[in-house]
Amino acid sequence: MSYNLLKGKKGIIFGALNDMSIAWKVAERAHEEGATFVLTNTPVAMRMGEMDELAKKTGAQVIPADATSIKDLEELVAKSMEILGGKVDFILHSIGMSPNVRKGRKYDDLDYNYYQKTLDVSAMSFHKVLQVCRKMDAINDWGSVVALSYIAAQRTLYGYNDMADAKSMLESIARSFGYIYGRDKKIRVNTVSQSPTITTAGSGVKGMDSLIDFSERMSPLGNADALECADYCITLFSDLTRKVTMQNLFHDGGFSNMGMSWRAITQYNKSFEDGFDISQARDGD
Ligand SMILES: NC(=O)c1ccc[n+]([C@@H]2O[C@H](COP(=O)([O-])OP(=O)(O)OC[C@H]3O[C@@H](n4cnc5c(N)ncnc54)[C@H](O)[C@@H]3O)[C@@H](O)[C@H]2O)c1
């Protein structure tokens, strides 16, 4: 259903790779709500992904940019303003990648070059986007910038590895930059902490299926899916949330405030009935 919440608004959407991507759903919903925007991703992702299909569907242009490169970001922002005919009103940062996770390096055996890459791609790129936009005065007053996070920023979750550190940094950047951008330009900066979701990045996390099952059983409202996440992002880009800034907003069906649910404990008890021996389930993570 469309409410015209973003009528006349312009934006930049980072991170739509394929139709499972959270950013893909945000782009579809933003289009339905009347926004015009530019889509961007790395040149590699553009070759691998299906962005042309999304661009056609939403009337968007695609501009390649590596979000860790200041030069790429400056070109992206300049071209976006040219295409859209002025400053933007919203930006979605939906970017995450850990070479340590990809290569199966555990948290107590990290490759530090990979670790730096994780932090650069998944967290520092958010600062770079904000800093480039601010220097180029690219966002309208009362604009809104959202990045996607995960509860591993606050709580230790098996298998999330160095991405947990990246998400902590990402959320801190939202607070620090949110203060400066809010004070000077009334621009809000928030992170949305989303339920585990089946996407290309999500599937890289060790034990993702079990994690999804566990949080589904634990959350009173169940896991939030990618489309529901998109709906929430749309509200944050809209004028209905003009005083929300510097927040990490949980969009997780209640998971973040649960300790134990009846559904989760029932499943846990079943594991004993089935003769599952927890002491054998050790692999050092
Ligand atoms: N899937 C989940 O379970 C989940 C849960 C909470 C938060 N998130 C976060 O949501 C965001 C989007 O992930 P997703 O799950 O939709 O997966 P996805 O794989 O569809 O999206 C990740 C995107 O990051 C892009 N990217 C990687 N390196 C980049 C770079 N250097 N420059 C620009 N873009 C780059 C990829 O090309 C891809 O489009 C990420 O920040 C992720 O951590 C995902």
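Here, the structure is the one placed above.
Here the structure is a predicted model, which is why all the values come from computation and not from measurement.

1. Some thoughts on the site of the ligand
Here's step 1: The environment of the ligand is formed by 27 residues, the closest being Ser21, Gly96, Thr199, Ala201 and Gly202.
Here's step 2: Those elements that provide at least two residues to the shell around the ligand are α1 (22-32), β5 (139-149) and α8 (200-203).
Here's step 3: No other element matches the 3 residues that α8 contributes to the shell around the ligand.

2. Observations regarding helix α4 (residues 70-84)
Each α-helix winds once per 3.6 residues, and so residues spaced three or four apart point in a common direction.
Here's step 1: The end-to-end C-alpha distance of α4, which contains 15 residues, comes to 21 Å, matching closely the 21 Å that a straight helix rising 1.5 Å per residue would cover.
Here's step 2: Looking at α4, one finds that the buried residues are Leu73, Leu76, Val77, Ser80 and Leu84. Down the axis of α4, the buried side of the element spans an arc of 95°, and every buried residue falls inside it. Every exposed residue of α4 that faces more than 90 degrees away from the buried side is listed here: Lys71 and Glu82.
Here's step 3: Where the residues of α4 are buried, they touch β1 (10-14), β2 (36-41), β3 (61-64), β4 (88-93) and α6 (112-135).
Here's step 4: One or two residues past the end of α4 sits glycine 85, with phi positive at roughly 75°.

3. Re helix α3 (residues 51-58)
Here's step 1: For α3, the set of buried residues is Met51, Leu54 and Thr58. Down the axis of α3, the buried set is contained in an arc of 60°. They therefore lie on one face. Exposed residues pointing more than 90 degrees away from the buried face of α3 are listed as Asp52, Glu53, Lys56 and Lys57.
Here's step 2: Directly beyond the C-terminal end of α3, a positive phi value near 65° is found at glycine 59.

4. A word on the nonpolar core
Here's step 1: One finds Ile13, Ala27 and Cys233 to be the most contacted residues of the largest nonpolar core, which totals 73 residues.
Here's step 2: For this core, the element with the highest residue contribution is helix α7 (residues 163-185), accounting for 8 residues.
Here's step 3: Not counting residues up to four positions away in its chain, the partners in contact with cysteine 233 are Val26, Leu92, Val146 and Val192.

Cut-offs used in this document
- Residue indices follow the written sequence of each chain, beginning from 1 at its first position.
- Only residues with pLDDT of 70 or above have their local features reported here, since the model is predicted, and side-chain atom pairs are shown and tallied only from 80 upward, although totals for entire chains, interfaces and linings are computed over all residues.
- A residue counts as near a molecule or strand when its C-beta atom, positioned from the backbone, falls within 6 Å of it.
- Each helix is a run of DSSP H or I of at least 4 residues and each strand a run of E of at least 2, with the numbering of both proceeding from the N terminus.
- Here the expected span of a helix is defined as 1.5 Å times the quantity of residues minus one.
- Every C-beta atom is placed from the backbone, and the number of other C-beta atoms within 10 Å of a residue's own sets its class: buried at 20 or more, exposed at 12 or fewer, partly exposed in between.
- Each direction from the helix axis to a C-beta atom contributes to the arc, which is the arc of those directions.
- C-beta atoms are first placed from the backbone for all residues, and any pair lying within 7 Å is then listed as a contact.
- In this usage, the nonpolar core is the set of buried Ala, Val, Leu, Ile, Met, Phe, Trp, Tyr and Cys residues whose C-beta atoms join them within 7 Å.

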